[in-house]
Structure formats: structure tokens, C-alpha cells
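One letter stands for each residue in the lines below.
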Amino acid sequence: MDEQVRPILEKYQYKKEFLISILQDVQAVHYYLPKEVLEQLSQALQIPISKIYSVATFFKAFSLEPRGRHLINVCVGTACHVRGAVRVMEGIEREIGIGPGETDSDLKFSLEAANCLGCCALGPVMVVDGEYHGKLSTAKAVEVLRGYE
Amino acid sequence: MVTLTINGREHQAEEGTTILELARSRGIPIPALCNHEAVKPYGACRLCMVEIAKDGRSRLVTSCLYQVEEGLEVQTHSEKVINVRRGIVELLLSRCPNVRVVRDLATELHIKEPLFPIENEDEDCILCGLCARVCTEVVGVSAISLVNKGTGKEAASPFHDVANDCIGCLSCAFVCPTGAIKAEDREGYREIPKWGVRLKLKQCETCGYLFAPEKQLQYISKHECIPEDSLNRCQDCRSKAGG
Ligand code: FES
Ligand code: FES
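Residues numbered from 1 in each chain as written. Chains lettered and ligands numbered in written order. Predicted model: local features only at pLDDT ≥ 70, side-chain atom pairs only at ≥ 80, totals over all residues. Heavy atoms only, no water.

### Observations concerning the pattern of salt bridges
Residue and element names in this part refer to chain B.
Phase 1 of the analysis: Applying the stated criterion across every chain, the model contains 13 salt bridges over all chains.
Phase 2 of the analysis: Across the pair Lys-182 and Asp-124 runs a salt bridge, and its minimum N-O distance is 3.3 Å. Here the residue Lys-182 occupies a position in the loop between helix 5 (171–175) and strand 8 (184–186), and Asp-124 occupies one in the loop between helix 3 (100–108) and helix 4 (130–139), the gap between them amounting to 58 residues.
Phase 3 of the analysis: In this structure, Glu-191 and Arg-186 form a salt bridge, with 3.2 Å as the shortest nitrogen-oxygen distance.
Phase 4 of the analysis: It is possible to trace a salt-bridge network through shared partners that takes in Glu-184, Arg-186, Glu-191 and Arg-198. (Salt bridge = Lys/Arg side-chain N within 4 Å of Asp/Glu carboxyl O. Helix = DSSP H or I, 4+ residues; strand = E, 2+ residues; numbered from the N terminus.)

Rendered as C-alpha cells:
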């Protein structure tokens, strides 16, 4: 079994009902849900693989494709849009060389577009690995991203 | 026992009976595509909508899920019911324009044109989930499931790859109301392309007929605690031999 998965299963005492939390933790270590790991979970939790696949494909937060070490969510919701989210997004795309829904080839960044992150007063907004950056200009967004390894 | 009316006529039913079950047992037709007696009601297709009235208020419910209540007044063909039913069939027809059951329903409701432009002429799955539900609830295998969501939702094998848990029993194809699951036995194998499955068939010891996938027989033997070699003959030869 994947060494990083055992402690996660132990944390949740191998209980089926924690499947979603377990998947979240797996994604936190691998940045996505590898097929082999899902198969191991199916064995360990006694949940048919078809059911795990259902859950993993249902939530947009889960990815079955490899993802970058850092997840960037750029808001393109209405409030952020009128404050220039489009330009911010373009600046980011130019900086890291990928578009929304994509992951770069050295698996450093994955980029996603969001439709409102619930903090419109701070727009334009992006979230990198859960950290919010508000009142963005293109230059500021690029500067923030350069700070990531 | 509770007493209620359907379309103005009084009926009695055991508590816990659904409106759909009662209506069917009395020969009152209600269209329903996601319901099957072998599995739990699911409420996916919404075709079985009826209007219920109680204490002077009326509303629409799915009859496959709604259980009978004392004093309920059920209408299976009121104007409201026909309207929602039409709406649902229009949507189904837009998704699956060439599926027989859907077309028949459309004809019955005088629907000539699908409501939306057709994306895929050959789409034949209405997402009732019966295949996956039977696989879980009746067969106990859960080889397949409904995956993705919204417009991307579909019945699929895990990872859209070979459904490794499938035993080839074809229960899914049997319950599918639209014939969306195709299977073929040829050259000694059973193939179910939708699930990526190809399973070797067992030959009857007596008559030589290829009667079932080996994997299904192994599954039966394991779960029903029947020795595997007692499943070496097809059903005909077994009953002829008296056991
Ligand atoms: S629109 Fe961007 S946070 Fe609401
Ligand atoms: S039969 Fe009731 S919702 Fe499908």
C-alpha cells in the first residue's frame, strides 16, 4: 500500500463513511487521485471501486489527472470581471504558460477559473493553495506567483 | 389499511405501498421508466408524477416514492400532471430521439418535435440508473455506476476501463428500459462493450451449449455455497437430469 495512504486511513479508522475526507487527504498529498490509490482504498475500505469512481468524478474539487503542486483559482465572477479579472487571468496565463483547467509540464501549477469566491469586495481575487490574494493587478498576481517554488 | 381515491374512485391499500404500486395493481396506467420491482424506488425519471390533494391543497409528487395516506386524493391525468409529463418527455426526446420507449411516450402525448437541438442522435441512455442499481442491489457486484455529474453524467465502468468486477450476468441489459446496454456471445466469449467486458463462456458438459460466463458460475458457487462442479451443466440438462 502507498505509504502516504496508510496514515490517512488510520486517521479515519478505516471507516467507509469518511470516504470524502479520505479522498481530500489523498489529494492533499498527491495533488490528485491516482488510480492505484483509489484501488487500494477500495480494498481497504471495502467499497466497490465503481462507487469510489462515482464520488471522485462527482466533485469538481477532485482530479483524476495529475495536478501541479500549487493550485491557482482565479475568480472570473461578475464582480471580479468588472474589476478586470480578464486581464489578470491573461497575465497569469502568459506568466505560467497554461490556460484554465490545465497543468504545466513540470507539475508546478494548475490553473482554474472560479465563478465567485465569495469575497467580491476584494476583487479581482485569486486563491493559491487556499491563500487569498485580493485587489489584484496583473503585475501583483505575477509577483505572487513568482514567490512559489 | 388506508383509504384513498385515485381519479375519484376509492381504493384501499396496505400502509407503505407507493401510489405507483397501488395504481398498477388496479390497472391504472402511470408512465414510469426508472422504476423496477427488483430494486428500491429512485425517483430519477420524474415521469410518474401525479397530483395529490390533501386538506384542500394540491401538489405534484413522484408516485414511485410517495406512499399512500388516509384521505389522499390522487389524480393521475389532471391537466397539471399532463403538462409536467409532456415537459419531461420533451426533454427525454431531445436527449434520446431514437429510443423506442421515449418515442412511444412522445406519440402518446402528441409531441412531434424535441424541445432542444439534438446533440447525439444515437444517445440511448436516459440515466435512470437501473443498470447500476440492479448490479448493486440484486447481483451484489457493483461493477458499474453513474459517474460525473450534470450534463456529463453517464453510466460507466470504473475509470471508463474494463469493469473488473463484472461477472457478465447481463442483469443490467435486462432491466435497461431503452436497450442501451448491448451484449453479444461469440466465439466462446460474452462481450459487453459498454463496460469493456469480455468473459469466457462455460460449455455445458452434457449438451455442449455455451451457457454462462465462467466468472458468473464461480460467483454463484461462492455466494450460494454450491460446489462449482455442480454448475457444469446448463439449466436444461440439469432439470432433465432432475436436479
Ligand atoms: S465575483 Fe470574484 S469573488 Fe465574487
Ligand atoms: S418512476 Fe418515479 S421517478 Fe421514475
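Text resumes after the structure shown.
### Thoughts on the domain arrangement of chain B
Residue and element names in this part refer to chain B.
Phase 1 of the analysis: Domain boundaries in chain B define domain 1 (2–77) and domain 2 (130–241).
Phase 2 of the analysis: Taken together, the contact pairs eight residues of domain 1 with eight residues of domain 2.
Phase 3 of the analysis: Taking both sides of the interface into account, the surface hidden between domain 1 and domain 2 amounts to around 730 Å²; carbon and sulfur atoms contribute 64%.
Phase 4 of the analysis: The three residues of domain 1 that bury the most area against domain 2 are His-36, Val-39 and Tyr-42, which together make up 58% of that side's buried surface.
Phase 5 of the analysis: One can count zero salt bridges joining domain 1 with domain 2.
Phase 6 of the analysis: On inspection of domain 1 and its partner domain 2, the count reaches three residue pairs in polar contact (both at pLDDT 80 or more). (Domains from an automatic or database assignment. Contact = heavy atoms within 4.5 Å. Buried area = accessible area lost by both parts, 1.4 Å probe. Polar contact = N/O pair within 3.5 Å; in protein donor to acceptor, adjacent residues only side chain to side chain.)

### Considerations on the side chain of B:Asn232
All names here are of chain B.
Phase 1 of the analysis: With respect to the helices, strands and loops of the structure, Asn-232 is situated in the loop between helix 6 (214–223) and helix 7 (235–240).
Phase 2 of the analysis: Exposure remark for Asn-232: the relative accessible area of 13% places this residue in the buried category.
Phase 3 of the analysis: If we skip the residues at most four places from it in the chain, Asn-232 touches Lys-202, Gln-203, Cys-204, Glu-205 and Phe-211. (Buried < 20%, exposed > 50% of the residue type's maximum accessible area, 1.4 Å probe, protein only.)

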